[in-house]
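The chain contents come next:
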Amino acid sequence: MRFCVLGSGSKGNATYIAGNGTSLLVDGGLSGRQVKERLGEIGIDIASLDAILITHEHTDHIRGVPVLSRQGKLPIYANEATYRAAGPALDNLFTAREFSTGTSFSINGLEIHPFSISHDSADPVGFVISDSHHSVGYCTDTGTVSRLIRHRLSGCQGLILESNHDPDLLKNGKYPPYLKQRIRSKKGHLANQDAADFLRELWHEGLAHVVLAHLSESNNRPELAMLQAGQALEPLARQNGCRTELSLGHPDRIGELVILCDR
């Protein structure tokens, strides 16, 4: 399998994931033009995609979806509550298809399992996407790590995980109190240390690559997120002789194109 975070953050989110001859986008919160340009940087044409999966209805996750759906003749997969909450923002699609949160389904050569996360939206989900050899977990926009999230993401070889904010930067920043409280809440976003602690729990010898995603441009610093995640993973890798690569999702450019191989 291979994957690439095309954009991540409050300006828009989209991630390319492919395997077994099937290519997907998770979310389409960038403009259609931006998605097509960033796919082009890794040699992918929109016409080669098979579908777009939607995590939840917030604009930074669905902004470009209708255009991408029509131009690429792509089916859109979301749960019923997300379609209902999005309203006209997810109208005029090439094809709209529903999945049930917690129930696996297949798109050609890939198996997709949507699981519940904790965010201030109608029925937000993360995904585990698998071929016959590898799994990629996608989990952003969650204010807490539940037992279910731990269960679903255990055993993934690739992981895209939120590391949204530094609590001190958030506390001392310019956001109004209500917004700070929203971000800190269990239906908000994961802090750097939350993500690092979770990575320590999830780590196994097969975890090859983690992308830290949805970093706040106002309340975080890339070096802080990388430092805390690295401090969690490095002792485990050193002790077991099996390194996990770390990289970042960016708001304004694509991240690393990750190719998962047997270890």
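All figures in this text were calculated on a predicted structure; none of them were measured in a lab.

Participant: Which parts of the structure should I look at to understand the packing of helix 1 (residues 32-41) against helix 3 (residues 65-72)?
Facilitator: Angle between the axes and distance between the axes: these two values describe a pair of packed helices. In contact at an axis separation of 8 Å, helix 1 and helix 3 are set at 60° when each is read in the N-to-C sense. Between helix 1 and helix 3, the angle is such that the two are oblique. In this structure, helix 1 contributes Gly 32, Val 35 and Lys 36 to the contact, and helix 3 contributes Val 67, Leu 68 and Gln 71. Among the residues forming the contact of helix 1 with helix 3, the class breakdown is three nonpolar, two polar and one charged.

Participant: Help me understand the packing of aromatic side chains in this model?
Facilitator: Within a pair of aromatic rings, the relevant descriptors are the distance that separates the centres and the angle that separates the planes. Taken as a whole, this structure holds three aromatic pairs when the rule is applied. Ring centres 5.4 Å apart and planes at 10° place the aromatic pair Tyr 77 and Phe 105 in the stacked group. Separated by 28 residues along the polypeptide, Tyr 77 in strand 5 (residues 75-79) and Phe 105 in strand 7 (residues 105-107) bring together distant segments of the chain. Of the two residues, Tyr 77 and Phe 105, neither departs from the other in class, the shared state being buried. An angle of 15° between the planes, with centres 5.4 Å apart, marks the rings of Phe 99 and Phe 105 as stacked. Taken individually, Phe 99 and Phe 105 each receive the classification buried, so the pair is uniform in this respect. Each member of the aromatic cluster is reached from another via a ring pair, and the members are Tyr 77, Phe 99, Phe 105 and Phe 127.

Participant: Looking at this structure, how should I read the pattern of salt bridges?
Facilitator: Side-chain pairs of opposite charge can arise where the charged atoms are in close proximity. Summed over the entire model, instances satisfying the criterion amount to 10 salt bridges. Salt-bridge contacts for Arg 84 lead to Glu 80; the nearest nitrogen and oxygen are separated by 3.6 Å. Of the two residues, Arg 84 and Glu 80 are both situated in helix 4 (residues 80-86); the distance of four residues between them amounts to about one turn of the helix. The shortest N-O distance in the salt bridge between Glu 234 and Arg 238 comes to 4.0 Å. Of this pair, Glu 234 and Arg 238 both sit in helix 9 (residues 222-240), four residues apart, which is roughly one turn of that helix.

Participant: What should I look at first to understand the sheet that holds strand 5 in this one?
Facilitator: By way of backbone hydrogen bonds, the strands of a sheet pair with one another, either parallel or antiparallel. Strand order in the open sheet formed by seven strands is 6-5-4-3-2-1-14, and the pairing between neighbours is mixed. Edge positions in the sheet fall to strand 6 (95-99) and strand 14 (258-259), since each has one partner strand and no second. Pairing of strand 5 with strand 6 involves five bridges; the strand directions are parallel. Each bridged residue has a counterpart across the sheet, and for Pro 75 the counterpart in strand 6 is Thr 95. Running at roughly 140° to strand 1 (residues 2-7), helix 1 makes contact with strand 1, strand 2 (14-19) and strand 3 (22-26) of the sheet.

Participant: How should helix 3 be read in this particular structure?
Facilitator: Residues that lie three or four places apart on an α-helix share one face, since the helix turns once every 3.6 residues. Among the residues making up helix 3, those that are buried are Val 65, Pro 66, Leu 68, Ser 69 and Gly 72. Around the axis of helix 3, the buried residues are gathered within 165° of arc, so they sit on the same side. Tucked inside the fold, the buried residues of helix 3 contact strand 3, helix 1, strand 4 (51-53), helix 2 (59-62), strand 5 and strand 6. Immediately downstream of helix 3, the backbone of Lys 73 shows phi near 55°, a positive value.

Participant: Any chance you could explain the side chain of Ser 121 here in plain terms?
Facilitator: Along the polypeptide, Ser 121 turns up in the loop between strand 8 (110-116) and strand 9 (125-130). A relative accessible area of 15% places Ser 121 in the buried class. Once residues lying within four places of it in the same chain are set aside, the contact partners of Ser 121 are His 56, Glu 57 and His 58.

Reading the values: the criteria
Residues numbered from 1 in each chain as written. Predicted model: local features only at pLDDT ≥ 70, side-chain atom pairs only at ≥ 80, totals over all residues. Heavy atoms only, no water. Axes fitted to C-alpha atoms, helices over the stretch in contact; angles between N-to-C directions. Helix = DSSP H or I, 4+ residues; strand = E, 2+ residues; numbered from the N terminus. Parallel < 35°, antiparallel > 145°, perpendicular 65-115°, else oblique. Contact = heavy atoms within 4.5 Å. Nonpolar A, V, L, I, M, F, W, Y, C, P; charged D, E, K, R; others polar. Phe/Tyr/Trp six-rings, centres within 6.5 Å; stacked < 30°, edge-to-face > 60°. Buried < 20%, exposed > 50% of the residue type's maximum accessible area, 1.4 Å probe, protein only. Salt bridge = Lys/Arg side-chain N within 4 Å of Asp/Glu carboxyl O. Pairing = 2+ DSSP bridges. Arc of directions from axis to C-beta.

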